Amino acid sequence: MKKIIFLSFLLCASVFISQAQTQQPSAKVQQEVELIRKADLGLTDVQISRLTTVLMGEEKNLEMSMKALEGNKGQQETRLKLHHDNKIRNIKGVMSAAQVEKFDALKLGDKL
């Protein structure tokens with residue numbers, strides 16, 4: 001059952017990411033990208049583009065989750081924590097090992 005839920009989540013995330021590629025990033029996403037860019041991690045333009053796409057997809061995913069769990073504060077809090085952990089994992093997935101090490105050293109995950 002957990003595998004089915006996980007696979008469904010991955011499918012939804014990939015759909016949101018593909019839709020996010022055609023949209024403009026929100027102010028929050030732009031702010032997060034700028035925070036990471038200013039951290040001097042040595043990100044390439046391609047990595048920044050991928051990072052923007054990932055953050056846009058994560059933002060959409062969070063919006064849908066919160067809407068689906070509206071009225072259930074406990075589950076929303078749990079989902080927020082899971083969402084944040086997944087978001088940080090996806091951000092790190094765009095980076096090289098050295099960039100991830102610097103990201104962790106600067107504790108940027110706590111700032112996002």
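Residues numbered from 1 in each chain as written. Predicted model: local features only at pLDDT ≥ 70, side-chain atom pairs only at ≥ 80, totals over all residues. Heavy atoms only, no water.

Which parts of the structure should I look at to understand the side chain of Gln 47?
With respect to the helices and strands, the residue Gln 47 is situated in helix H3 (residues 45-68). The buried category is assigned to Gln 47, whose relative accessible area is 11%. The contact partners of Gln 47, leaving out residues within four places of it in the chain, are Gly 42, Val 94, Met 95, Ser 96 and Gln 99. (Helix = DSSP H or I, 4+ residues; strand = E, 2+ residues; numbered from the N terminus. Buried < 20%, exposed > 50% of the residue type's maximum accessible area, 1.4 Å probe, protein only. Contact = heavy atoms within 4.5 Å.)

Even after reading the chapter, I still don't get the confidence of the model for the protein chain, so can you show me in this structure?
Low-pLDDT stretches of the model should not have their predicted coordinates read in fine detail. Overall, the prediction assigns the protein chain a mean pLDDT of 87, with 81% of residues at 70 or greater. Within the protein chain, the element-level pLDDT minimum falls on helix H1 (residues 2-20), averaging 61, and the maximum on helix H5 (residues 97-105), averaging 96. (pLDDT = per-residue confidence, 0-100.)

Where do I start with the nonpolar core in this structure?
Buried together is how nonpolar side chains tend to be arranged in soluble globular proteins. With 17 residues, the main nonpolar core has Ile 36, Leu 41, Leu 43, Ile 91, Met 95 and Phe 103 as its most contacted residues. Those elements that provide at least two residues to this core are helix H2 (27-38), H3, helix H4 (73-93) and H5. Here this core takes four residues from H3, the largest share from any one element. In this structure, Ile 36 is in contact with Leu 41, Leu 43, Leu 51, Ile 91, Met 95, Phe 103 and Leu 112, ignoring residues within four places of it in sequence. (Core = buried A, V, L, I, M, F, W, Y, C linked by side-chain atoms within 4.5 Å.)

What's the story with the pattern of salt bridges in this structure? I'm lost.
Should their charged atoms come close, side chains of opposite charge can pair. The tally for this structure, following the rule as stated, stands at five salt bridges. Note that Lys 81 is salt-bridged to Asp 85, the shortest N-O span being 3.0 Å. Here Asp 85 and Lys 81 lie together in helix H4, a separation of four residues that amounts to about one turn. Residue classification places Lys 81 among the exposed positions, given a relative accessible area of 51%. A residue is classified by how much of its surface remains accessible, and Asp 85, at 28% relative accessible area, is partly exposed. With a closest N to O distance of 2.7 Å, Asp 104 and Lys 92 form a salt bridge. Of this pair, Asp 104 sits in helix H5 while Lys 92 sits in helix H4, and the two are 12 residues apart along the sequence. Through salt bridges with shared partners, a single ionic network connects Lys 28, Glu 32 and Lys 87. (Salt bridge = Lys/Arg side-chain N within 4 Å of Asp/Glu carboxyl O.)

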